[in-house]
Amino acid sequence: MDPQTIRGFCLKKKAEIPFAQTYFSTQLYSTPETGTICLELSKTIKHREGYTLIVRDGRASIKAQTQAGLLYGLQTLTQLAQDATERKLSIPACAITDHPSTDYRAIHIDLKHHLDKKEYMYQVLRRMAYYKLNAAIVEYEDKLGYESYPIVAAPNAPSIAQWKEWAEYAHQLNIDISPLIQGIGHADFILKHDEMKPLREAPTSDWVCCPSNKKYYDVQFGLYADAMRATPHGKYLHVGGDEVGTLGVCPVCKAKQKTALQHQMEWLKRVSDFAVANGRTPIFWDDMVFKHVGLYEVILDQEKPERMDSIWAARLPELNKHINLFPKKVVYMRWQYGNANMKGNKMALKWYNDNGLSVMGATAAQTTCAMLPTGNGNFKNIESFQLAHQTTPIIGVLCTAWDDASPLFDTFWKGFIAHGQYSWNIATPMKYNELDHRYHIREFGVAASELPDFRKHLESTFPLWEEGLLDKGFRRGMWRTGGKYTILSLPTKEKGAWSRTYAERIEKAQKGCIEQLQLQQLLMDYRNKATRNDYSLQVFERINDVTGYTARLLVALSTYDRERDASSLNNLRQCAENFKTVRHNFEEVCAQTRHMGQPDGYILPMNHHAHLAIRTANTDWMFLFEIDFLKQIDELLAAEGLSPVFSATNL
């Protein structure tokens, strides 16, 4: 079937052209003629989202039990047509029978620290449908215009009506939008407000709500109700409940003389009853369940293998003793962002199944990485939950994408695509190198896919960018140091001493300068050959500029340290001044899809977990180490008699 000859559709048995289909002409024909795509609803297709696709004699036929199946069959035909067009070939005669291995294939949209623009949010939905992902759990936090408690909403939060319109669009693409509204813990978006301080478990912390305070439940249920109104077709209400920390410390809770686990599960009973009464199935992060009884390290496979069985056996009775506290209508979300097929995670999954409790898995396309998730898409770990699913029943998998360091959403798609791939027909898993190759074809087109893989090279530059300007600390995972860091010291009066001290780092920087230029050319080649997703390539270009800037700055400083002449000093000054261009170009690309910085009147939380993305209300957090380091460079320039590059406001 020549894709250039496809001229429209023939519809049978109440079939409809899938929503938002724009690739093929929508001209209708009464019979399945040459050059047409025949869509037919058929009870012979057993899986609700499955389909058969047959191409022969110049026409295509797609049969499915539901409109969702027709949508996915047409997505496959679209991909075949794209490839054939780019290769100047016809779509070969073929018969494809396909269906998902996992019914609930969700991605995580985390809006804790940023807000994406309206049109981009719609693009995300269309891209999800293209990769046959059928659900999103949206962590709205304060990016929803709550009507019950408006004080909680950020000043720029879209209204309930706006989010509802977006969710309706998703519904037509067979995408279930369900909200995640944090409760009991992770509550700083609520408790940072003066009006909400009486609801705190500890007066000095905005992190945990008091589970014994009736007024807290009034607020929590009001926020839940607003979120459900904004997601009218959602199956679930994710009630949060993870990383609670302190429980039972307020006078009222202390007086009850209950354990932290009892407080946690009584809270879960109340919020899950509310969800069920409002037609939603509650989802609950399960980490605290195991942490309260000393099994946290076991389920995350952080214990030594030889100790796991004995620790599990010793502490399981305490968990089993409280089994009656576990609500039966809750889905317990077992998150494991590493290898989910390892022993500890499978022990936890089995425990849920043995006790008749529903469990869902959560893997990750993004954890705490800044700028770009590393690990080449996290393919192996994302696949591992699907492999675990083969032996232990779970009702779905969520692919998380955490906003702690808030990379642009476009950087997550490699992981999301792997999640979509391994959710379909996992019985015949695709090898990682083949998935990587097809990722490049699907995202950028056939011609671009023949170029070397830029992503692996780009990720290799990250270690220097993340820690190159520091003596102590981390750019990603700042929780490890409580957000503390020490900026790299500058050269002393002793000529060349600084370069000798940091010789290894400078050598990496010199290589980094070369790599940055090579990547710049490679990404330019990608953009010249790519047939789609140019914006993603622009994002990667600007990331390369930012990470390469660290290398150039260190090399310029080393040259000055060794030579101490006017030329090296002016070169250092010019390199420092170039930061303005690097920052401007990066933020210009970011601003195409997200609102930059927090709006006027936004209140920063206490930031107990030291998230990078909420350290400042403006966009300085994106360049935290660069700004501090360049302030020192300015002092050096001033000491050498040159005017500083930056004022206090133009970094």
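What you see is a predicted model, and the numbers here were worked out from it, not measured in a lab. (Residues numbered from 1 in each chain as written. Predicted model: local features only at pLDDT ≥ 70, side-chain atom pairs only at ≥ 80, totals over all residues. Heavy atoms only, no water.)

Enquirer: Got a minute to help me understand the overall build of the protein in this structure?
Expert: Along the backbone of the protein there are 23 helices and 17 strands. Relative to a compact globule of 651 residues, whose C-alpha radius of gyration would be 26 Å, the protein shows 27 Å and is just as compact. Across its three principal directions, the C-alpha atoms of the protein cover 85 × 75 × 55 Å. The buried share of the protein, reckoned over its 651 residues, is 60%. In the protein, the share of contacts with a sequence separation of at least 24, taken over all contacts with a separation of at least 6, comes to 75%. Accessible surface, the protein as shown: approximately 26200 Å² in total, 51% of it carbon and sulfur. For the protein, the separation between the mean place of its 76 positive charges and that of its 74 negative charges on side chains is 4 Å. (Helix = DSSP H or I, 4+ residues; strand = E, 2+ residues; numbered from the N terminus. Rg over C-alpha atoms; globule rule 2.2 N^0.38 Å. Buried < 20%, exposed > 50% of the residue type's maximum accessible area, 1.4 Å probe, protein only. Contact = heavy atoms within 4.5 Å. Areas by Shrake-Rupley, 256 points an atom, 1.4 Å probe, with all protein chains shown as cover. Lys, Arg positive; Asp, Glu negative; His and termini not counted. Charge placed at Lys NZ, Arg CZ, Asp CG, Glu CD.)

Enquirer: Where do I start with the side chain of Arg442 in this structure?
Expert: Secondary-structure assignment places Arg442 in helix 14 (residues 432–444). You can call Arg442 buried: its relative accessible area is 11%. A distance of 3.5 Å separates a polar side-chain atom of Arg442 from the backbone oxygen of Gln79. (Polar contact = N/O pair within 3.5 Å; in protein donor to acceptor, adjacent residues only side chain to side chain.)

Enquirer: Could you clarify how one ought to interpret the pairing of strand 10 (residues 236–240) in this entry?
Expert: Two faces belong to every sheet, and in a regular strand the side chains alternate between them. The buried count for strand 10 comes to five of five residues, which makes it a mostly enclosed element. In terms of strand pairing, strand 9 (residues 176–183) meets strand 10 through two bridges, oriented parallel. Residue Gly183 lies in a different strand from strand 10, and its bridge partner there is Gly240. Judged from the three bridges that link them, strand 10 and strand 11 (residues 281–285) form a sheet pairing that is parallel. Bridge pairing in strand 11 places Leu237 opposite Pro282. (Pairing = 2+ DSSP bridges.)

Enquirer: Just to check I follow, could you spell out the packing of aromatic side chains for this structure?
Expert: Any aromatic ring pair is given by two values, namely how distant the centres are and how the planes are angled relative to each other. This model, assessed by the stated rule, comprises 44 aromatic pairs. Aromatic side chains Phe284 and Tyr332 sit 6.0 Å apart centroid to centroid with 85° between the ring planes, which places their arrangement in the edge-to-face category. With Phe284 in strand 11 and Tyr332 in strand 12 (residues 331–335), the pair connects residues that are 48 residues apart, well separated along the chain. Taking relative accessible area as the criterion, Tyr332 reaches 0% and is therefore assigned buried. The ring centre of Tyr29 lies 4.7 Å from the NZ or CZ of Arg7, which sits over that ring. Above the ring of Phe474, the side-chain terminus of Arg480 is found at 4.0 Å from the ring centroid. (Phe/Tyr/Trp six-rings, centres within 6.5 Å; stacked < 30°, edge-to-face > 60°. Lys NZ or Arg CZ within 6 Å of the ring centre and 35° of its normal.)

Enquirer: Help me understand the sheet that holds strand 2 (residues 36–41) in this model?
Expert: Within a sheet, neighbouring strands are paired by backbone hydrogen bonds and run either parallel or antiparallel to one another. In space, the five strands of this open sheet follow the order 1-2-4-3-5, with mixed pairing throughout. The outermost strands of the open sheet, each flanked by one partner alone, are strand 1 (8–12) and strand 5 (94–98). If you compare each strand with its neighbour and ignore which way they point, the axes differ by 15° on average. Examined bridge by bridge, strand 3 (residues 51–56) and strand 5 share five bridges and lie antiparallel to one another. What sits directly across from Val55, in strand 5, is Cys94. In the packing of helix 1 (residues 67–87) onto the sheet, contacts are made with strand 1, strand 2, strand 3, strand 4 (59–64) and strand 5, and the angle to strand 3 comes to roughly 40°. (Axes fitted to C-alpha atoms, helices over the stretch in contact; angles between N-to-C directions.)

Remember, this is a structural readout, not a statement about activity or role.
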